[in-house]
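Below, each chain spelled out in residue letters.
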Amino acid sequence: MSNTDNIFDFLQQSSSSTSDYVKFNDGDKKSFRILAKPVTGYVLFVDGKPQRVKPDNLKELPQKNERDEKPKTFAAFIVYEYADNGPGAVKLWEVTQKSIINQLALLFSDKDKHWTDYQIVVTRLGQGLETKYNVTGIQAPMEETLLAFCTSAAQYIDLEQLYAGENPFIKELPELEAKTQPKPSNDLPF
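So, a few notes on the structure that sits alongside this text. (Residues numbered from 1 in each chain as written. Predicted model: local features only at pLDDT ≥ 70, side-chain atom pairs only at ≥ 80, totals over all residues. Heavy atoms only, no water.)

Regarding the overall build of the protein
Argument step 1. The helix and strand inventory of the protein stands at three helices and seven strands.
Argument step 2. In the protein, the succession of α and β elements from N to C terminus is α-β-β-β-β-β-α-β-β-α.
Argument step 3. With 190 residues in all, the protein has 34% of them scored as buried.
Argument step 4. Total accessible area on the protein stands at roughly 12800 Å², and carbon and sulfur atoms take up 51% of it. (Helix = DSSP H or I, 4+ residues; strand = E, 2+ residues; numbered from the N terminus. Buried < 20%, exposed > 50% of the residue type's maximum accessible area, 1.4 Å probe, protein only. Areas by Shrake-Rupley, 256 points an atom, 1.4 Å probe, with all protein chains shown as cover.)

Right, dumping it as structure tokens:
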């Protein structure tokens, strides 16, 4: 076996079965908890790489890229993504879609509520320009394990690194288990 065979065997191995970033495919329905205050700004992909700046630094970005795209607003969140079966995972969720941003703004417009009061469910339908997202907030208390992680999230993920084009994951993420609270059936006959 040659050295190149060993290299590519190694590169094809995945150190993790899942990504540290939230990704949606057509038909996906995912549930999250926001675990930290997001960072916001503008993003533009130049030569296939994201360039991000803070909200007041838009002039630092090119006004168009090679595909004639303009900078988009973004918000990047540290979230806990619930799994259908088994434990979920702490991930980074970057949102550039206006429909998601507008629905989140509407959900969090109630000044008496905090973002920790909601489990967020996002559904994606369609592909390309036909993609639609639906965001729903389910008011439910945050699990204790997730609340505890909120106080230490900055030790593991530094969202400010996104502005420098660096990896925001600064330390290996702990495994957390948080289960959604089952709703009582109330033994209704229907």
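Picking up after the structure, the text goes on.
Regarding the pattern of salt bridges
Argument step 1. Here the structure, examined in full by the defined rule, presents seven salt bridges.
Argument step 2. Here the salt bridges share partners, and the residues they tie into one network are K30, E81 and K91. (Salt bridge = Lys/Arg side-chain N within 4 Å of Asp/Glu carboxyl O.)

Quick notes on unusual backbone geometry
Argument step 1. A positive phi angle, close to 55 degrees, is found at D47, a residue other than glycine.
Argument step 2. For D47, the position within the fold is in the loop between β2 (39-46) and β3 (49-53).
Argument step 3. Phi is positive for D68, close to 65 degrees, though the residue is something other than glycine.
Argument step 4. Structurally, D68 can be placed in the loop between β3 and β4 (72-81).

Overview of the nonpolar core
Argument step 1. In this structure, I78, V90 and I157 are the most contacted members of the largest nonpolar core, which totals 24 residues.
Argument step 2. For this core, the elements supplying multiple residues, two or more each, are β2, β4, β5 (89-95) and α3 (144-150).
Argument step 3. Here the element with the most residues in this core is β4; it accounts for four residues.
Argument step 4. Those residues within four positions of I157 in sequence are excluded, and the remaining contacts are I78, V90, L92, P168, F169, I170 and L173.
Argument step 5. Ranked by size, the runner-up nonpolar core spans 17 residues in total, among them V22, V79, W93 and Y133. (Core = buried A, V, L, I, M, F, W, Y, C linked by side-chain atoms within 4.5 Å. Contact = heavy atoms within 4.5 Å.)

Let's talk about the pairing of β2
Argument step 1. Where β2 meets β4, five bridges bridge the pair, whose relative direction is antiparallel. Residue pairing in the sheet places Y42 in a bridge with T73 of β4.
Argument step 2. Bridging between β2 and β3 involves five bridges; their strand directions are antiparallel. Looking at β3, one finds that V46 is bridged to K49. (Pairing = 2+ DSSP bridges.)

With respect to helix α2 (residues 98-107)
Argument step 1. Listed in full, the buried residues belonging to α2 are I100, L104 and L107. Projection of α2 onto a plane perpendicular to its axis shows the buried side chains occupying an angular sector of 60 degrees, all on one side. Of the exposed residues in α2, those oriented more than 90 degrees away from the buried face are K98, N102 and L106.
Argument step 2. The inward-facing, buried residues of α2 contact β4, β5, β6 (118-125) and β7 (132-139). (Arc of directions from axis to C-beta.)

Let's talk about the side chain of T131
Argument step 1. Relative to the assigned elements, T131 resides in the loop between β6 and β7.
Argument step 2. Looking at T131, its side chain comes within polar contact range of the main-chain nitrogen of Q127, at 3.5 Å.
Argument step 3. In this structure the side chain of T131 is engaged in a polar contact, spanning 2.9 Å, whose partner is the backbone oxygen of G128.
Argument step 4. The residues contacting T131, other than those within four sequence positions of it, are R124, L125 and G126. (Polar contact = N/O pair within 3.5 Å; in protein donor to acceptor, adjacent residues only side chain to side chain.)

These results come straight from atomic positions and should not be treated as a statement about function.
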